[in-house]
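Listed here are the chains, written in short residue letters.
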Amino acid sequence: MSSDDKSVVTRLRKLISEGGYQPGERIGEVRVAEQLGVSRTPVRLAFRTLEQEGLLQRANKRGFVVREFSQEDVLCAVEVRGALEGLAVRRLAERGLPPAVREQLAGCIARGAELLGKGYLEEGDIARWSELNETFHRTIVEATGSRVIGDAIQRNNHLPFASADSIVIDSAALDREYQKLYLAHQQHQLVFQALGRGEGARGEMLMREHAYIGLRYGALFGLDPDAESEAE
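Because the structure is a prediction, the values reported are computed rather than measured.

1. With respect to the overall build of the protein chain
Stage number 1. If you tally the helices and strands in the protein chain, you get ten helices and three strands.
Stage number 2. Secondary structure elements in the protein chain, listed N-terminal to C-terminal, are α-β-α-α-β-β-α-α-α-α-α-α-α.
Stage number 3. Its C-alpha atoms give the protein chain a radius of gyration of 18 Å, near enough to 17 Å, the size a compact globule of 232 residues would have.
Stage number 4. Dimensions of the protein chain along its principal axes, counting C-alpha atoms only, are 50 × 40 × 40 Å.
Stage number 5. The 232 residues of the protein chain split such that 48% are buried.
Stage number 6. Counted over contacts in the protein chain with a minimum sequence separation of 6, partners at least 24 positions apart contribute 73%.
Stage number 7. Summing over all exposed atoms, the protein chain offers an accessible surface of approximately 11800 Å²; the carbon and sulfur share of this is 48%.
Stage number 8. With 30 positive and 35 negative side-chain charges, the protein chain shows a spacing of 7 Å between the two charge centroids.

This is the structure:
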């Protein structure tokens with residue numbers, strides 16, 4: 001998927017999360033393409049991606065509807081992913097980090113450092129972060145060699161906002177989103193450190209907390225519209 005295609009996915013994901021498209025609402029390629037100012041092809045690809053993520057479901061052969069879900073559904077799905085990925089980190093740390101896996105994870109860390117090193121985000125950085133983030137998480141899970149963990153995560157990824165790649169990015173607030181992604185990058189570094197040192201329990205705890213980066217950390221950076229009321 002190209003950077004432009006991923007940008008459409010990100011924009012649609014954000015619109016759904018904010019209620020721009022209501023649960024049960026039917027949406028079509030032509031309407032969405034006109035609203036986003038893009039062609040129908042990236043919208044079609046975005047629909048397929050968001051269907052896999054559990055945000056859309058097919059209404060018939062020619063359309064989709066926004067899936068109904070609650071905040072409790074989202075929280076539970078994220079918590080389940082954190083538990084499963086945390087288990088993967090613990091098992092991998094206790095078994096020892098193979099050189100090839102260490103090299104691949106280190107590459108993700110280096111790419112993240114390069115992307116964030118300039119001190120700000122550009123629109124195209126969102127797709128690049130999405131790719132390296134997906135690689136970091138997938139590498140850890142696959143390195144455990146556990147089909148049970150992998151299959152469980154794949155099933156959970158079909159729930160709304162559950163996958164590691166479904167983090168919502170506000171392209172109109174890239175200065176604050178930079179802070180969130182920088183923190184996520186630091187968490188990647190800490191998980192990698194724990195893996196390298198064979199610290200299973202610490203790595204598991206870090207990965208569990210990392211799962212909440214897209215759900216609970218927005219308030220720290222002024223990205224959560226409900227942050228003020230929640231703090232009262």
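Right, picking up where we left off after that structure.
2. Observations concerning the pairing of strand S2 (residues 56–60)
Stage number 1. One ladder, built from four bridges, connects S2 with strand S3 (residues 63–66); its direction is antiparallel. By the bridge assignment, Asn60 is partnered in S3 with Gly63.
Stage number 2. Counting the residues in the hairpin turn of S2 and S3 gives two residues.

3. What about the sheet that holds S2?
Stage number 1. If you trace the three strands from one edge of the open sheet to the other, you get S1-S3-S2, paired in antiparallel fashion. Edge strands, defined here as strands with exactly one partner in the open sheet, are strand S1 (26–27) and S2.
Stage number 2. Note that S1 and S3 share two bridges and pair antiparallel. By the bridge assignment, Arg26 is partnered in S3 with Val65.
Stage number 3. In the packing of helix H3 (residues 40–52) onto the sheet, the strands contacted are S1, S2 and S3, and the crossing angle to S2 comes to about 115°.

Calculation criteria
- Residues numbered from 1 in each chain as written.
- Predicted model: local features only at pLDDT ≥ 70, side-chain atom pairs only at ≥ 80, totals over all residues.
- Heavy atoms only, no water.
- Helix = DSSP H or I, 4+ residues; strand = E, 2+ residues; numbered from the N terminus.
- Rg over C-alpha atoms; globule rule 2.2 N^0.38 Å.
- Buried < 20%, exposed > 50% of the residue type's maximum accessible area, 1.4 Å probe, protein only.
- Contact = heavy atoms within 4.5 Å.
- Areas by Shrake-Rupley, 256 points an atom, 1.4 Å probe, with all protein chains shown as cover.
- Lys, Arg positive; Asp, Glu negative; His and termini not counted.
- Charge placed at Lys NZ, Arg CZ, Asp CG, Glu CD.
- Pairing = 2+ DSSP bridges.
- Axes fitted to C-alpha atoms, helices over the stretch in contact; angles between N-to-C directions.

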